[in-house]
Amino acid sequence: MGRAVVRLGSVLMLSWLLLVAAAPAGWAFGSVRPVPGPVLRGYDPPDQNWLAGHRGVDLAAPVGSPVRAAAAGRVSVAQVIAGRGVVTLVHGELRTTYEPVKAVVRVGDQVAAGDVIGTVEAGHCPSGCLHFGLKRGDQYLDPLGGSEVRLLPESAVAAARELAAARAAAPPAGLIEPTGSGVLLNPVGGPISSPFGRRFHPIFHEWRLHAGVDLRATCGTPIRAAADGVVRSVSYDSSGGHRLVIAHAGGLTTHYLHALKRYQVRAGQKVKSGQVVGLVGSTGWSTACHLHLTTKINGRLVDPARLL
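Before going into details, it helps to say that this report is about the structure given with it. (Residues numbered from 1 in each chain as written. Predicted model: local features only at pLDDT ≥ 70, side-chain atom pairs only at ≥ 80, totals over all residues. Heavy atoms only, no water.)

1. Examining the side chain of N186
Stage number 1. Note on placement: N186 falls in the loop between α2 (156–169) and β12 (192–194).
Stage number 2. By relative accessible area, N186 is classed as buried at 6%.
Stage number 3. Engagement of the side chain of N186 in a polar contact is seen with the backbone nitrogen of V188, the distance being 3.0 Å.
Stage number 4. Of note is the side chain of N186, whose polar atom sits 2.7 Å from the backbone nitrogen of G189. (Helix = DSSP H or I, 4+ residues; strand = E, 2+ residues; numbered from the N terminus. Buried < 20%, exposed > 50% of the residue type's maximum accessible area, 1.4 Å probe, protein only. Polar contact = N/O pair within 3.5 Å; in protein donor to acceptor, adjacent residues only side chain to side chain.)

2. Observations concerning the environment of H131
Stage number 1. For H131, the location among the structural elements is in strand β10 (residues 129–136).
Stage number 2. For H131, a relative accessible area of 12% puts it in the buried group.
Stage number 3. When residues no more than four places from it in sequence are discounted, the contact partners of H131 are H54, R55, G56, V57, D58, T97, Y98, E99 and H124.
Stage number 4. Side-chain polar atoms of H131 contact the side chain of D58, separated by 2.9 Å. (Contact = heavy atoms within 4.5 Å.)

3. A short note on the state of the cysteines
Stage number 1. The tally for this structure, following the rule as stated, stands at 2 disulfides.
Stage number 2. At a sulfur-sulfur separation of 2.0 Å, the disulfide partner of C125 is C129. Looking along the S-S bond of the C125-C129 disulfide, the torsion reads about 70°, which is the right-handed sense. An identical accessibility class is assigned to C125 and C129; each is buried.
Stage number 3. Disulfide partner of C219: C289, at an S-S distance of 1.5 Å. Measuring the twist about the S-S bond at about -40°, one finds the C219-C289 disulfide to be left-handed. Taken together, the residues span a long stretch of sequence, with C219 in the loop between β15 (213–216) and β16 (222–224) and C289 in the loop between β21 (276–279) and β22 (290–297) at a distance of 70 residues.
Stage number 4. Here C219 falls in the partly exposed class, since its relative accessible area comes to 41%.
Stage number 5. Here the bonded cysteines of the chain are numbered in sequence order, and their pairing is 1-2, 3-4. (Disulfide = S-S within 2.5 Å.)

4. Brief notes about the pattern of salt bridges
Stage number 1. For the structure shown, the criterion picks out 4 salt bridges.
Stage number 2. As a salt-bridge pair, R136 and E93 come within 3.3 Å of each other at their nearest N and O atoms. Of this pair, R136 sits in strand β10 while E93 sits in the loop between β5 (84–91) and β6 (94–99), placing them 43 residues apart in sequence.
Stage number 3. In this structure R136 comes out as partly exposed when scored by relative accessible area, which is 34%. (Salt bridge = Lys/Arg side-chain N within 4 Å of Asp/Glu carboxyl O.)

Below, the structure written as structure tokens:
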């Protein structure tokens, strides 16, 4: 039974990696960027829908800037909600949202990609910005996807098969295998001290989902990019402390939490696998120095142990 579970996990991991390797680089929703400004805050959804998170992207845009439809669709919302102007467009099974926006369209209007649907209003970012979101049903998606990123080499599929075979042959004793032999580089080279899955939270003393793995490392240890990519966001929040998100091909993102101080890279910067991006710390909800690493594919959590 144990070996069957290991083999099943290996097959699932291989499927994910094949998906990543096959997905076209440069994907993003729609053919038009709603505003031309850079990303101020990237997509970082919560582990559960009711928790705090960032369910879209913030794009820099001065107040009064025109906001354009990312793709052809129908206006389903054009009104003020909770003090903010909101426009929602329906594109088949997908919906895009734009806020805060002073709408120049009405519910029921059909718009083409690039049509102006309103102008940016004040109230979301101090310097002005547009919050751009994408949903399929109740599921939040990354509206920028893996934009302008190249990651996995041609050997990635072979490496994935080799890693899957190694995991299938491993003893099913629940042991965490050494890192450093997988498709992604171990950012700090340390062992996994707390695995992915439900655990008793060391601070809040309740069972919660641990949405990544904790990698053991002393304070000041260099944090290295797990693969080639583009920095999606550099931010700080009370839970993750200093947080970095790097986007890779095929919708894969890696998330690095609790750094000692602000990361040494900026949003939009290209990084190489192994490049030092910061230093290990214990900022945010942390009890000791370590690196928390989360991995997602198209916004869905994936156990990083399967990729390391």
